[in-house]
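Structure at a glance
So the chains spell out like this:
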Amino acid sequence: MTTLALLSKAKTLRPNSNFFTLLRCMSNVPEDTVYGGPKNQNPNQRVTLTHLRQKHRKAQPITVVTAYDYPSAVHLDTAGIDVCLVGDSASMVVHGHDTTLPISLDEMLVHCRAVARGAQRPLLVGDLPFGTYESSASQAVDTAVRVLKEGGMDAIKLEGGSPSRISAAKAIVEAGIAVMGHVGLTPQAISVLGGFRPQGKNVASAVKVVETAMALQEAGCFSVVLECVPPPVAAATTSALRIPTIGIGAGPFCSGQVLVYHDLLGMLQHPHHAKVTPKFCKQFAHVGDVINKALLEYREEVTNGSFPGPVHSPYKIGVSDVKDFLNELQKLGLEKAASAAAEAAEKTSKAESPGGGSLASD
């Protein structure tokens, strides 16, 4: 049965029919649960390339933040962030690796799908991970197609400006997929860069940043990330391009800024993570301290028995049902279980009614 036929039939049926149950099963939007569920996406509210071009023409800064899962995507959505980047930085801040190199395409797709379920408004951009687009333009297109079809992204980002990367970017754009470029410090190239080293600090390197960004623009990229370059180099690049530049450690003269979710929130306190948190990142909160404090309090309350108390034990069983339950346990020969249930019922009753009242008196 075609989609039109399904919709036509739906109009003639009552909402509680089995047919609507079938449609519910076919939906990609989960049913509401005890934790709630995402709302239907409204295409009119989503950020598009047109919106970004309009902001760029009006010299309005573009906000970009990384996200790797449903909760972080919801937070970005609520804050009104323009672009949500599912970055291969997940390799470091989520999976605990020292570089972005180990993360696979399949792992990235899991992150992409989770983010796509949580972000209704931002433009969604997925990183092409290392090893999935360097061999040929054909490989790059195939990977980009998967990021959109399987990951639910709106666009992809790739690193570097070598001739092969420019060709890959052009081929992906010609395949109908929006591409964000990335120049300056390109973390996937640390093997040849000699580590996480800033770029553009001498004349030749600075000119290369500008020329590479211009080549990516000519290949059809809608935007270019400038990472770890001096502000004058970023300003020159921004001025030379007709497309927005997104800075990260590149100073205030870009068309927009991007930071890693965990970094800007100050989430990670482990020495390993302190090692990889970049110098240019401002911590707008110290969420890691809040998380640590909450976990310590939780451990303490569980240990001393104060959690869960009556407020957090909401599910009740009637007094008469408790007595019948005890009888049934005794019939089954479960005397110890019956005693445990009776004792729990007595303690619960006293905790809820400090002034008195017990199972026996009811």
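All values reported here derive from a predicted model rather than from experimental measurement.

The subject of this paragraph is the sheet that holds strand E2 (residues 83-86). The parallel closed barrel is built from eight strands, whose spatial order is E1-E2-E3-E4-E5-E6-E7-E8. Between one strand and the next, the sheet's axes are offset by a mean angle of 25 degrees, whatever the strand orientation. When strand E4 (residues 155-157) meets strand E5 (residues 178-184), the two strands line up parallel, connected through three bridges. Within E5, the residue paired with Lys 157 across the bridge is Met 180. Helix H6 (residues 105-118) contacts E2 and strand E3 (123-127) of the sheet and is inclined by roughly 155 degrees relative to E2.

Attention shifts here to the pattern of salt bridges. Tallied over the full model, the rule gives ten salt bridges. Among the salt bridges present, the one from Arg 242 reaches Glu 218, with a minimum N-O distance of 3.4 Å. With Arg 242 in the loop between helix H11 (231-240) and strand E7 (245-248) and Glu 218 in helix H10 (residues 203-218), the pair connects residues that are 24 residues apart, well separated along the chain. As far as the burial class goes, Arg 242 and Glu 218 line up, both exposed. Via salt bridges that share partners, Lys 55, Asp 82 and Arg 121 belong to a single interconnected network.

Inspection of the secondary structure assignment puts Arg 46 in the loop between helix H2 (18-26) and helix H3 (49-57). Of the polar contacts made by the side chain of Arg 46, one reaches the backbone oxygen of Gln 120; its length is 2.8 Å.

In this structure the tally under the stated criterion is one aromatic pair. With a centroid separation of 6.2 Å and an interplanar angle of 65 degrees, the aromatic rings of Tyr 298 and Phe 307 are classed as edge-to-face.

What follows covers helix H14 (residues 287-304). When the terminal C-alpha atoms of H14 are compared, their 26 Å separation across 18 residues agrees well with the 26 Å that a helix rising 1.5 Å per residue should span. Once H14 ends, the next one or two residues include Gly 305, with phi positive near 85 degrees.

In this section: helix H7 (residues 137-149). Taking 1.5 Å of rise per residue, the 13 residues of H7 would be expected to cover 18 Å, and the 18 Å separating its terminal C-alpha atoms lies within 8% of that figure. Those residues of H7 lying buried are Ala 140, Val 141, Thr 143, Ala 144 and Val 147. Each buried residue of H7 lies within a common arc of 165 degrees when the element is viewed along its axis, so the set occupies one face. As for H7, its buried residues are in contact with H6, E3, E4 and helix H8 (163-174).

Counting 57 residues, the largest nonpolar core has Ile 156, Leu 158, Ile 172, Val 224 and Leu 226 as the members making the most contacts within it. Counting residues in each nonpolar core, the second largest holds 16 residues, with Val 47, Ile 62, Val 64 and Leu 123 among its members.

Turning next to the side chain of Asp 127. Of note, Asp 127 is situated in strand E3. For Asp 127, a relative accessible area of 3% puts it in the buried group. Among the polar contacts made by the side chain of Asp 127, one reaches the main-chain amide nitrogen of Asp 88 at a distance of 2.9 Å. Setting aside anything within four residues of it in sequence, one finds Asp 127 in contact with Leu 85, Val 86, Gly 87, Asp 88, Met 108 and Lys 157.

So, about the environment of Ser 255. Tracing the backbone shows Ser 255 in the loop between E7 and strand E8 (256-259). Between the alpha carbons of Ser 255 and Ala 234 there is a distance of 9.7 Å; along the sequence they are 21 residues apart. Once residues lying within four places of it in the same chain are set aside, the contact partners of Ser 255 are His 56, Gln 60, Pro 61, Ile 62, Thr 238, Pro 244 and Thr 245.

A few words on the confidence of the model for the protein chain. In the predicted model, the protein chain carries a mean pLDDT of 86, and 80% of its residues have values of at least 70. Throughout residues 20-39 the model reports pLDDT below 50, and contacts reaching past four residues in sequence, or to other chains, amount to 17 contacts.

Residues Thr 245 and Gly 247 point to one face of E7 and Ile 246 and Ile 248 to the other, with burial holding for every one of them. In terms of strand pairing, strand E6 (residues 223-227) meets E7 through four bridges, oriented parallel. Bridging across to E7, Val 224 finds its partner in Thr 245. This β-α-β element, E6 to H11 to E7, shows right-handed connectivity. Pairing of E7 with E8, which is carried by two bridges, proceeds in the parallel orientation. Directly across from Ile 246, in E8, lies its bridge partner Gly 256.

Definitions and limits used
Residues numbered from 1 in each chain as written. Predicted model: local features only at pLDDT ≥ 70, side-chain atom pairs only at ≥ 80, totals over all residues. Heavy atoms only, no water. Pairing = 2+ DSSP bridges. Helix = DSSP H or I, 4+ residues; strand = E, 2+ residues; numbered from the N terminus. Axes fitted to C-alpha atoms, helices over the stretch in contact; angles between N-to-C directions. Contact = heavy atoms within 4.5 Å. Salt bridge = Lys/Arg side-chain N within 4 Å of Asp/Glu carboxyl O. Buried < 20%, exposed > 50% of the residue type's maximum accessible area, 1.4 Å probe, protein only. Polar contact = N/O pair within 3.5 Å; in protein donor to acceptor, adjacent residues only side chain to side chain. Phe/Tyr/Trp six-rings, centres within 6.5 Å; stacked < 30°, edge-to-face > 60°. Expected span 1.5 Å × (residues − 1). Arc of directions from axis to C-beta. Core = buried A, V, L, I, M, F, W, Y, C linked by side-chain atoms within 4.5 Å. pLDDT = per-residue confidence, 0-100. Right-handed = clockwise from strand over helix to strand, strands pointing away.

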